[in-house]
Amino acid sequence: MSFFYSKTFLKTVSIISIISVFLLSFRTGHRIYDLITNPSYYAALSLGQLYKYYFIIIENLVFICFFIFLIFKPQKFILVGIIALCYSFDNLLSDHQTPLIGIPMFTLCISTFAIRGFFLNNTKLKISIFSVIYLMSLIIPVFYDDNFVDNCITKIAISIVTFASLFFSAEYARQRGSTQATKEKVLNIASFKGLDRSDMFLLQDVLENKKYKEISQKIHGSEGALRNKLSKIYKILEVGDRTGFLTIYSGYELIYEPEQIVGKN
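What counts, and where the lines are drawn
- Residues numbered from 1 in each chain as written.
- Predicted model: local features only at pLDDT ≥ 70, side-chain atom pairs only at ≥ 80, totals over all residues.
- Heavy atoms only, no water.
- 1 Å grid on protein atoms, 1.4 Å probe; cavity = no way out; pocket = protein on both sides within 12 Å on 5 of 7 lines; lining within 4 Å.
- Points joined across faces, edges and corners; volume = space filled by probe spheres on them.
- Helix = DSSP H or I, 4+ residues; strand = E, 2+ residues; numbered from the N terminus.
- Nonpolar A, V, L, I, M, F, W, Y, C, P; charged D, E, K, R; others polar.
- Salt bridge = Lys/Arg side-chain N within 4 Å of Asp/Glu carboxyl O.
- Buried < 20%, exposed > 50% of the residue type's maximum accessible area, 1.4 Å probe, protein only.
- Phe/Tyr/Trp six-rings, centres within 6.5 Å; stacked < 30°, edge-to-face > 60°.
- Lys NZ or Arg CZ within 6 Å of the ring centre and 35° of its normal.
- Core = buried A, V, L, I, M, F, W, Y, C linked by side-chain atoms within 4.5 Å.
- Contact = heavy atoms within 4.5 Å.

Student: Looking at this structure, how should I read the layout of surface pockets?
Tutor: Regions of empty space are outlined by a rolling probe, equal in size to a water molecule, passed over the atoms. What the second largest pocket holds in volume is close to 880 Å³. Forming the walls of the second largest pocket are 33 residues, and the residues nearest its centre are Phe-67, Ile-83, Ala-84, Tyr-87 and Met-105. At the level of secondary structure, the elements contributing two or more residues to the lining of the second largest pocket comprise helix H1 (7-37), helix H3 (47-72), helix H4 (78-93) and helix H5 (99-115). Tallying contributions element by element places H1 first for the lining of the second largest pocket, with nine residues. The residue makeup of the lining of the second largest pocket, split by class, is 17 nonpolar, ten polar and six charged.

As structure tokens, this is what we get:
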């Protein structure tokens, strides 16, 4: 799991975000230019078609803002899942049948949410909600899709392939981490250069789901200073942010034992 918060991964997210901003800006700019230079064409469209065209432009502008944010805050890559969910809605539930992209986008959304720990709490409820969304994507098109049966079969087939791929990937990751899984879940803060015992106590409060305001009052400091301090700690741990830390180390015992590090060396 820590791979998803490594410098290499987060840098890749930033690069992908830059490319996405460029592509979306070009595409959206072209749509706006076409709207301005061809008013007669759009005047002939129905109100529903025109509204959908406007919605696409607004949607792309929102996504551009999301990707710009990700350039500077790649650890918030759950935004990628939100964008993927929006695209999957458009492709799976609208009258533009493109299941080849809709299902993978929906899968990308679920994967991103899972990595960010979205399913750690109220797991059954959240899985049920996503299952209902998936079933809706199979059923709703019957009201407007002339090729409903073929498209439905295609969606199910793609779903089987994508979810099977996710399962085997997750199983592979689980087997690779099986050796560590058999050991006691202990995080020795002393093994990270730049961290000390006081940092361990701060992280322990985070693991106990204490609010930053509560922690800052406890140590008699400002909340802003605490946030800056913890941001540096998260960077050293390569967990991205509070959510990443909780996702990876929830259930761990925190210790600070430099002698263990010396013994290993």
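Student: I keep staring at the pattern of salt bridges and nothing clicks. Help me out?
Tutor: A side chain of one charge can pair with a side chain of the opposite charge if their charged atoms are brought near each other. Applying the stated rule across the entire model yields seven salt bridges. Here Arg-116 ties to Asp-241 by a salt bridge, and the two come within 2.7 Å at their closest N and O atoms. Separated by 125 residues along the polypeptide, Arg-116 in the loop between H5 and helix H6 (123-139) and Asp-241 in the loop between helix H11 (223-237) and helix H12 (242-249) bring together distant segments of the chain. Like Arg-116, the residue Asp-241 is buried in the burial classification. Across the pair Asp-205 and Lys-218 runs a salt bridge, and its minimum N-O distance is 3.1 Å. With Asp-205 in helix H9 (residues 197-207) and Lys-218 in helix H10 (residues 212-218), the pair connects residues that are 13 residues apart, well separated along the chain. Given a relative accessible area of 5%, Asp-205 falls into the buried group. The network of salt bridges with common partners includes Asp-205, Glu-208, Lys-210 and Lys-218.

Student: Where do I start with the packing of aromatic side chains in this structure?
Tutor: Geometrically, a pair of aromatic rings is defined through the distance of the ring centres and the angle of the planes. Applying the stated criterion to the full structure yields 17 aromatic pairs. Centre to centre, the rings of Phe-63 and Tyr-87 are 5.2 Å apart; their planes meet at 45 degrees, and the pair counts as tilted. One end of the pair, Phe-63, is in helix H3; the other, Tyr-87, is in helix H4, and 24 residues separate them in sequence. Among the residues examined, Tyr-87 registers a relative accessible area of 22% and is labelled partly exposed. The ring of Phe-77 is capped by Arg-116, whose NZ or CZ atom sits 5.5 Å from the centre of that ring.

Student: I would appreciate a short explanation of the nonpolar core in the present structure.
Tutor: Burial of nonpolar side chains together is a common tendency in soluble globular proteins. Judged by nonpolar contacts, the single largest core of 30 residues is most densely connected at Leu-203, Val-206, Leu-230, Tyr-234, Leu-237 and Phe-245. When contributions to this core are tallied by element, the ones reaching two or more residues are H1, H9, H10, H11 and H12. If we skip the residues at most four places from it in the chain, Tyr-234 touches Leu-203, Val-206, Tyr-212, Val-239, Gly-240, Asp-241, Arg-242 and Phe-245. Within the second largest apolar cluster, 15 residues are counted, among which are Ala-84, Ile-103, Ile-110 and Leu-138.

Student: Any chance you could explain the environment of Gly-102 here in plain terms?
Tutor: In this structure, Gly-102 sits in helix H5. Once the C-alpha coordinates of Gly-102 and Lys-155 are considered, the two residues, 53 residues apart in sequence, prove to be 8.5 Å apart. Excluding residues within four positions of it along the chain, Gly-102 makes contact with Ser-88, Asn-91 and Leu-92.

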